[in-house]
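These are the residues of each chain, in order.
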Amino acid sequence: MTLVENEIPYSETLPWPEGMAPMAVIDEDGALSEPHAQYAWLRHNYPVIAMHNEVGPDVWMVTRYDSVRAGLRAPKVYANQPADTQPTYAFVSQWDAPNHTRLRQFYARAFNPKSIALVEDAVRERAITLIDRFVAAGGGDLIEELAVPLTLITIGSVAGLPTEDIPTLKEYSEHMLLLQARARALPSSEDAEERSLEFLAYVAERLDVLYAEGSESVGGVIAKAWKDGEMTKEEAAQMTGFLFVGGHDTTTMLLGHLVRFMIEEPDLLERLRTDPEAPALAVEEAVRMRGAVHRATRYLKEEVVVDGVPIPQGELVRLVVAAANRDESVFDQPNEFDIDRDNSKHLGFGAGVHSCPGAPLARLQLRVALEEISRRVEKFEFDGADALEIQPGHSISLGPKRLMVRVTSLT
Ligand code: HEM
């Protein structure tokens, strides 16, 4: 299929196959919550498309692996910073160099493989308690009862926040996510900003305590950088608070997907139980196939031509990593969950300067959860016809928000 020269490939004007919902900025009815068929069709036929955006410039989608990767690796052209003037609480992901470079070095300092390995015992202990309880109950909502508490407690302790505050942190992390959505022209809520500021004020107070205690947590490292004059108080609070935005939903949903794979792939649980390498391999393949971050949103600093299509300066571009991760030119049989494949080139944790600093923590939590689940669970089954409920397709993280399962215990 070819475009008439200079014609903008707007999603709604494309000859989408019968029954396939066209891509849109806002997913009104949930038809775009897992748009892998759409991504495949776009990769083959229209690798670059535009979508009308009611609240700002057009939003473009780029779906082929090479183009997505090239965009992620060209931060001077594909920028994260919407404007030169930033709000005081601008999140780390909303900055470009030089501020981004300065702030990122503290994550690099705090999230080193050694400090992450130190939390493994604590993560395992919590995972065992939660899994034992879930198995003893015969199942339930895996997201709410297992994945959410596991990831919240982990991030809370990595950030250095007290366990008794964990229940309120979930609410706050949702407000922070909604505020982040607003910066990307997505539906938000009226009090997202007010509630996020409340949370950041609470985090700043905690950072004072962590500094006084000489804490070695990620929060402690950030608190020290603030007190040493390497960043402002607002920056320190958002750097710590943002861990909930980046690290909570993403890991929660991937655990949901991993259990879904255990239902869809009957031999997986047995392999996880008997092959010590399998849990880490399964996590990586799940990030490739169903990583919760489908796209990296960027602001174009100059006009670019991608796969033959010009995209004007100033527009928003979604570099769709979830589409790139199933590009046949890089991954054979991309829709198959194959834990033995070489998936080292996947973009599920992003690429370039904004790539995920929390990847080692996500890998650790999920691997430990799979190890402990496979030691206790004989099989999972969906509980009911509507057991799986997925976030609408415009959400920042895409994946199960509810997953009702029945569990058969191994013992
Ligand atoms: C399986 C779970 C996870 C997935 C699939 C994931 C995916 C990603 C992706 C694709 C990006 C790049 C976004 C972009 O380029 O615009 C990113 C950035 C980020 N992630 Fe993760 N992530 C996960 C877990 C975590 C965890 C556990 C944390 C923290 C504890 C975290 C913190 C962050 C932060 C702070 C950024 C922004 C980095 C920057 O802009 O420099 N993520 N993540």
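Residues numbered from 1 in each chain as written. Predicted model: local features only at pLDDT ≥ 70, side-chain atom pairs only at ≥ 80, totals over all residues. Heavy atoms only, no water.

Looking at this model, I keep getting lost on the nonpolar core. Mind explaining?
If you look at soluble globular proteins, the nonpolar side chains tend to sit buried side by side. Ranked by size, the top nonpolar core spans 89 residues in total, and within it Leu255, Met262, Ile373 and Phe380 carry the most contacts. Here the element with the most residues in this core is helix α6 (residues 142-159); it accounts for 11 residues. One finds Ala50, Leu300, Val317 and Leu347 within the second-largest nonpolar core, a separate group that totals 23 residues. (Core = buried A, V, L, I, M, F, W, Y, C linked by side-chain atoms within 4.5 Å. Buried < 20%, exposed > 50% of the residue type's maximum accessible area, 1.4 Å probe, protein only. Helix = DSSP H or I, 4+ residues; strand = E, 2+ residues; numbered from the N terminus.)

How should the packing of helix α13 (residues 278-290) against helix α15 (residues 359-376) be read in this particular structure?
Close contact between α13 and α15 brings their axes to 9 Å; oriented N to C, the two are set at 125°. Taken together, the axes of α13 and α15 are oblique relative to one another. With respect to the hand of their crossing, α13 and α15 are arranged in right-handed fashion. Contacts from Pro279, Ala280, Ala282, Val283 and Glu284 in α13 reach Arg363, Leu366, Arg367, Leu370 and Glu371 in α15. In the contact of α13 with α15, the residues fall into 6 nonpolar, no polar and 4 charged. (Axes fitted to C-alpha atoms, helices over the stretch in contact; angles between N-to-C directions. Parallel < 35°, antiparallel > 145°, perpendicular 65-115°, else oblique. Left-handed = near helix turned anticlockwise from the far one by under 90°. Contact = heavy atoms within 4.5 Å. Nonpolar A, V, L, I, M, F, W, Y, C, P; charged D, E, K, R; others polar.)

Can you help me understand the site of the ligand in this one?
Taken together, 25 residues are adjacent to the ligand, and His100, Arg104, Arg298, His354 and Cys356 come closest. Between an oxygen atom of the ligand and a side-chain N or O atom of His100, the distance comes to 2.6 Å. In the environment of the ligand, a nitrogen atom lies 3.1 Å from a nitrogen or oxygen atom belonging to the backbone of Gly246. Placement of the ligand is best described as lying within the largest cavity. Only α3 (99-110), α10 (233-247), α11 (249-264), β5 (296-300) and α15 provide two or more residues apiece to the shell around the ligand. The residue makeup of the shell around the ligand, split by class, is 13 nonpolar, 10 polar and 2 charged. (Near = heavy atom within 4 Å. Polar contact = N/O pair within 3.5 Å; in protein donor to acceptor, adjacent residues only side chain to side chain. 1 Å grid on protein atoms, 1.4 Å probe; cavity = no way out; pocket = protein on both sides within 12 Å on 5 of 7 lines; lining within 4 Å. Sits in = over half its atoms within 2 Å of the grid points.)

Whenever I open this one, the packing of helix α9 (residues 218-227) against α10 confuses me. Can you help?
Packed helices, taken two at a time, are described by the angle their axes make and the gap between the axes. Interhelical geometry of α9 versus α10 gives an angle of 170° and a closest axis separation of 9 Å. One way to sum up the angle between α9 and α10 is to call them roughly antiparallel. Contact residues: α9 offers Val218, Gly219, Ile222 and Trp226, while α10 offers Lys233, Ala236, Met239, Thr240 and Leu243. Of the residues that constitute the contact of α9 with α10, the class distribution is 6 nonpolar, 2 polar and 1 charged.

I keep staring at the layout of surface pockets and nothing clicks. Help me out?
Its boundaries defined by the atoms lining it, the largest pocket holds a volume of some 410 Å³. Taken together, 23 residues form the lining of the largest pocket, with Glu174, Leu177, Asp249, Gln391 and Ser395 sitting closest to its centre. For the lining of the largest pocket, the elements supplying multiple residues, two or more each, are α6, α7 (166-183), α11 and β11 (400-409). Here the lining of the largest pocket takes 5 residues from α7, the largest share from any one element. Within the lining of the largest pocket, the residues separate by chemical class into 11 nonpolar, 7 polar and 5 charged. (Points joined across faces, edges and corners; volume = space filled by probe spheres on them.)

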